[in-house]
Amino acid sequence: MGRPSLPMVTVAVLAASALAAGAAAAAPAGAREAGRSEAPVASGSPVTEVSESVVRVRVPLPASAGPHPEACDWLSYLRFRHKDGPAASADADRILVAQPGILEGAGAFGSVARNTVAAAAARGRHIEFWALDRRSNCLEDGTGVRAGLEAGDVHLAVDYYYRQREIDGRTFAGYQTNDQVKWLQNVGLEQTVRDQYDLMAAELPDQRARKEKMLCGGHSLGGVLTAYFAEWDFDGNRATTDDAGYNQCSGYFALDTRIEKGLPGLGGQVPEEWVPLLRFGAGAVDVGFEAGVVPRALSAPAVVNTETMNLLAIAGLAANLAPDGRSDLATYIPSGFNQDTTFRLLFSKDYPTFIKGSPTVRDFGFTNAAALGGLLDDNSQPLAFMQASAGFWDGGKIVDKEFPAPNNLEELGLGGLTRLLGTEKKAIPDEPEGPLYTWRNYDRVGAPDDPVYRSKDGTPFTAAGKEVTDIAELARSLSEHPLDFTEHYFPTRMVTDIALAGAPGIADEAVHEGGVTANPVINLQAGDGLGFGDPQPGDVIAPGYQHIDVLTASAVQNDGEPEPISANLAAFAVE
């Protein structure tokens, strides 16, 4: 069996100097505030007891990073706190600091953050949840999505990105090319863990308070980054430990990941064929970046690139504004290679359909909610690391989707491919020019009016226990946050650094080898997720969850019980 593709690898894993951080920590409050902003974020979330704000802190990149936009000299995060809790983070009982996974932004944590803060408040404790946005997200232009949300018009967003419509005197400059993001080749593992340290130190200057109050963790790749953070020495003096990563946290949390270095499930290594220059060592990789041979931002011709990440936000916006309205995105968005190929890959029911190119997604009628479900639901989206369990198709004939792989992988002896494609059978509408296909939300699967759509082998495609994410919450997470759900320009340097971490000059400061075991950890795993190793004693397993569900699952589940990931994370934080 061949190895999985690069996107799966990076998911299966997968500012400034410490001196600057120390200066920020020592500066008086007024000086710090001059380089800090915080603004409230409006939300339609049903978890109304939690307040959200976007915080930006000026932490300039070192000169060695090379020329870059001024906006990239700021670090940002979404701050979630209970409306009855203290206004100052320093007065909170605990602060959870979360690193996103691959191709993720801070907005991906919206639901789990709100649910966790609310669950802690029910226990009488006021905690905060900080969802970090990596520095590369400074390159994103969310103007169109924000304007579309404010105006209640998804076409405004599409026109901004595709028809040069001006909004507040600004027009879209286009998606940045490899040559335009050259500075990203210098934003890898070291810069990322330093960014987290600098932000934590700037926001909570007292190291003893950080050690007492802060919990460090993340989702997917965020678990790997947390492990390196725990072992990192941030002041250049290995004999001192107040600056060590593990002494900035009182505990660790892993969301469908592990707090461990390397690439889980792959023996800690990136297969050489994914980045051929790896076999020649770190020096060759540096040459490849400098020459532009190695892409500076992770990208593929379709499905995984800057444009498709933005398309997810637009689809989320449409489903947020008018979930039952008829989707016209496939026709209103101008035709182009990237979006046409993506639609063809995601909405072909079998190989003959894909090769022939007919029928296309434009031949079907979908509501906006159904269109979003078709993009990300685990019974439709073919890549496991992008799957959520948000309900099922409804309103017409549904058949097995057997592209890019058949649904009987186990029978064919290809069960190992579920790491790449997910555990659930794929399904797709099969009546072109037919009915308007709708979306049966997670809490309506198994209801008395559910027709129970079945695979060709006679078994139901899904059941109530397999559905956990509200499609409306998923739509809000994709479109409402000023720091969005996806990461458009993920630095490839992060992958190569982790793969070559043993080479000189890459992770030289990860010297505190006991850092990962120095604090207690909670492992919160998706029952049908990526499977980062065998279950371990004490793991919290959420049945039916996919990789994204640990972030997006509804506060109340189909069995009437509280959402288990956030409930257990809140208990860990307060106890």
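Parameters and conventions
- Residues numbered from 1 in each chain as written.
- Predicted model: local features only at pLDDT ≥ 70, side-chain atom pairs only at ≥ 80, totals over all residues.
- Heavy atoms only, no water.
- Phe/Tyr/Trp six-rings, centres within 6.5 Å; stacked < 30°, edge-to-face > 60°.
- Helix = DSSP H or I, 4+ residues; strand = E, 2+ residues; numbered from the N terminus.
- Buried < 20%, exposed > 50% of the residue type's maximum accessible area, 1.4 Å probe, protein only.
- Lys NZ or Arg CZ within 6 Å of the ring centre and 35° of its normal.
- Pairing = 2+ DSSP bridges.
- Axes fitted to C-alpha atoms, helices over the stretch in contact; angles between N-to-C directions.
- Contact = heavy atoms within 4.5 Å.
- 1 Å grid on protein atoms, 1.4 Å probe; cavity = no way out; pocket = protein on both sides within 12 Å on 5 of 7 lines; lining within 4 Å.
- Points joined across faces, edges and corners; volume = space filled by probe spheres on them.
- Nonpolar A, V, L, I, M, F, W, Y, C, P; charged D, E, K, R; others polar.
- Salt bridge = Lys/Arg side-chain N within 4 Å of Asp/Glu carboxyl O.
- Left-handed = near helix turned anticlockwise from the far one by under 90°.
- Polar contact = N/O pair within 3.5 Å; in protein donor to acceptor, adjacent residues only side chain to side chain.
- Core = buried A, V, L, I, M, F, W, Y, C linked by side-chain atoms within 4.5 Å.

Draft legend 1. The packing of aromatic side chains, seen in detail. Following the criterion strictly, the structure yields 18 aromatic pairs and no others. Each ring, one from Tyr 351 and one from Phe 403, has its centre 4.8 Å from the other, and the planes form 80°; the classification is edge-to-face. Taken together, the residues span a long stretch of sequence, with Tyr 351 in helix α14 (residues 351-356) and Phe 403 in the loop between β10 (398-400) and α16 (418-421) at a distance of 52 residues. When its relative accessible area of 42% is taken as the criterion, Tyr 351 is described as partly exposed. Overall, Phe 403 belongs to the buried group, its relative accessible area being 6%. Ring geometry for Phe 366 against Tyr 437: centres 6.4 Å apart, planes inclined by 40°, an arrangement best described as tilted. Linking Phe 366 in strand β8 (residues 365-366) with Tyr 437 in strand β12 (residues 436-441), this pair joins segments that are 71 residues apart in sequence. By relative accessible area, Tyr 437 is classed as buried at 0%. Of note, Arg 344 hangs over the ring of Phe 354, and the distance from its end group to the ring centre comes to 5.3 Å.

Draft legend 2. Representation of the sheet that holds strand β2 (residues 50-58). Taken together, the nine strands give an open sheet; going across it, the order is β1-β2-β3-β5-β4-β6-β7-β13-β14, and neighbouring strands pair in mixed fashion. With partners counted over all chains shown, the strands left at the sheet margins are β1 (36-40) and β14 (540-542), one partner each. Pairs of neighbouring strands in the sheet enclose a mean axial angle of 20°, with direction left out of account. Two strands pair when backbone bridges link them, and strand β13 (residues 521-526) and β14 are joined in this way by three bridges, in the parallel orientation. Residue Gln 525 lies in a different strand from β14, and its bridge partner there is Ile 541. Contacts from helix α20 (residues 564-574) reach β4 (94-99), β5 (127-133), β6 (214-219), β7 (251-255), β13 and β14 within the one sheet, and its direction differs from that of β13 by about 180°.

Draft legend 3. Representation of empty space enclosed by the protein within the structure. The calculated volume of the largest cavity comes to roughly 190 Å³. Looking at the largest cavity, it is lined by 19 residues, and the ones nearest its centre are Leu 103, Phe 385, Met 386, Phe 485 and Ile 548. Contributions of two or more residues to the lining of the largest cavity are made by α11 (306-321) and α17 (471-479). Here the residues of the lining of the largest cavity are counted per class, giving 13 nonpolar, five polar and one charged. In this structure, the second largest cavity is lined by Leu 75, Ser 76, Gln 99, Leu 132, Asp 133, Arg 134, Arg 135, Thr 192, Asp 195, Gln 196 and Leu 199.

Draft legend 4. Fine view of the pattern of salt bridges. Taken as a whole, this structure holds 35 salt bridges when the rule is applied. Across the salt bridge formed by Glu 402 and Lys 456, the nearest N and O atoms sit 2.7 Å from each other. Residue Glu 402 is located in the loop between β10 and α16, and its partner Lys 456 is located in the loop between β12 and α17; the two are separated by 54 residues in the primary sequence. Asp 449 is the salt-bridge partner of Arg 444, the closest N and O atoms lying 3.0 Å from each other. By relative accessible area, which is 37% here, Arg 444 ends up partly exposed. When its relative accessible area of 46% is taken as the criterion, Asp 449 is described as partly exposed.

Draft legend 5. Representation of the packing of α11 against helix α15 (residues 368-376) within the structure. Between α11 and α15, the shortest axis-to-axis distance is 8 Å and the interhelical angle comes to 145°. Crossing geometry of α11 relative to α15 is assigned as left-handed. Residues Leu 312, Ala 315, Gly 316, Ala 318 and Ala 319 of α11 lie in contact with α15, whose contacting residues are Asn 368, Ala 369, Leu 372, Leu 375 and Leu 376. Broken down by class, the residue content of the contact of α11 with α15 amounts to eight nonpolar, two polar and no charged.

Draft legend 6. Structural view of the pairing of β12. Here β8 pairs with β12 via two bridges, running parallel. Following the sheet pairing, Gly 365 is matched in β12 by Leu 436. Where strand β9 (residues 391-394) meets β12, four bridges bridge the pair, whose relative direction is antiparallel. Counted as the bridge partner of Phe 392 is Arg 440 from β12.

Draft legend 7. Structural view of the sheet that holds β8. Taken together, three strands build an open sheet; the order of strands is β8-β12-β9 and the sheet is mixed. Here the strands that pair on one side only, and so sit at the sheet edges, are β8 and β9. Packed on one face of the sheet, α15 meets β8, β9 and β12 and runs near 70° to β12.

Draft legend 8. Structural context of α20. Burial in α20 covers these residues: Ile 565, Ser 566, Leu 569, Ala 570, Ala 571, Ala 573 and Val 574. For α20, the N-terminal cap is Glu 563; the gap from its side-chain oxygen to the backbone nitrogen of Ile 565 is 2.9 Å.

Draft legend 9. Focus on the side chain of Gln 387. Structurally, the position occupied by Gln 387 is in the loop between α15 and β9. Side-chain polar atoms of Gln 387 contact the backbone oxygen of Leu 421, separated by 2.9 Å. Sequence-distant contacts of Gln 387, that is, excluding residues within four places in its chain, are made with Leu 376, Asp 378, Gln 381, Pro 382, Leu 421, Gly 422, Lys 426, Gln 546, His 547, Ile 548 and Asp 549.

Draft legend 10. Local environment of the nonpolar core. Core analysis: the largest hydrophobic core is formed by 153 residues, its most contacted members being Phe 129, Tyr 228, Phe 366, Leu 372 and Trp 393. Here this core gets nine residues from one element, more than from any other, and that element is α11. By size, the runner-up hydrophobic cluster in this structure holds ten residues, among which are Leu 139, Val 181, Leu 184 and Tyr 489.

Draft legend 11. Spatial organisation of unusual backbone geometry. The omega angle of the peptide bond from Ser 358 to Pro 359 is 0°, so this bond is cis rather than trans. Counting through the fold element by element, Pro 359 comes out in the loop between α14 and β8. Of note, the amide linkage connecting Phe 403 to Pro 404 takes the cis form, showing an omega dihedral of 10°. For Pro 404, the location among the structural elements is in the loop between β10 and α16. Backbone geometry places Gln 164, a non-glycine residue, at a positive phi of 55°. What makes Gln 164 partly exposed here is its relative accessible area of 48%.

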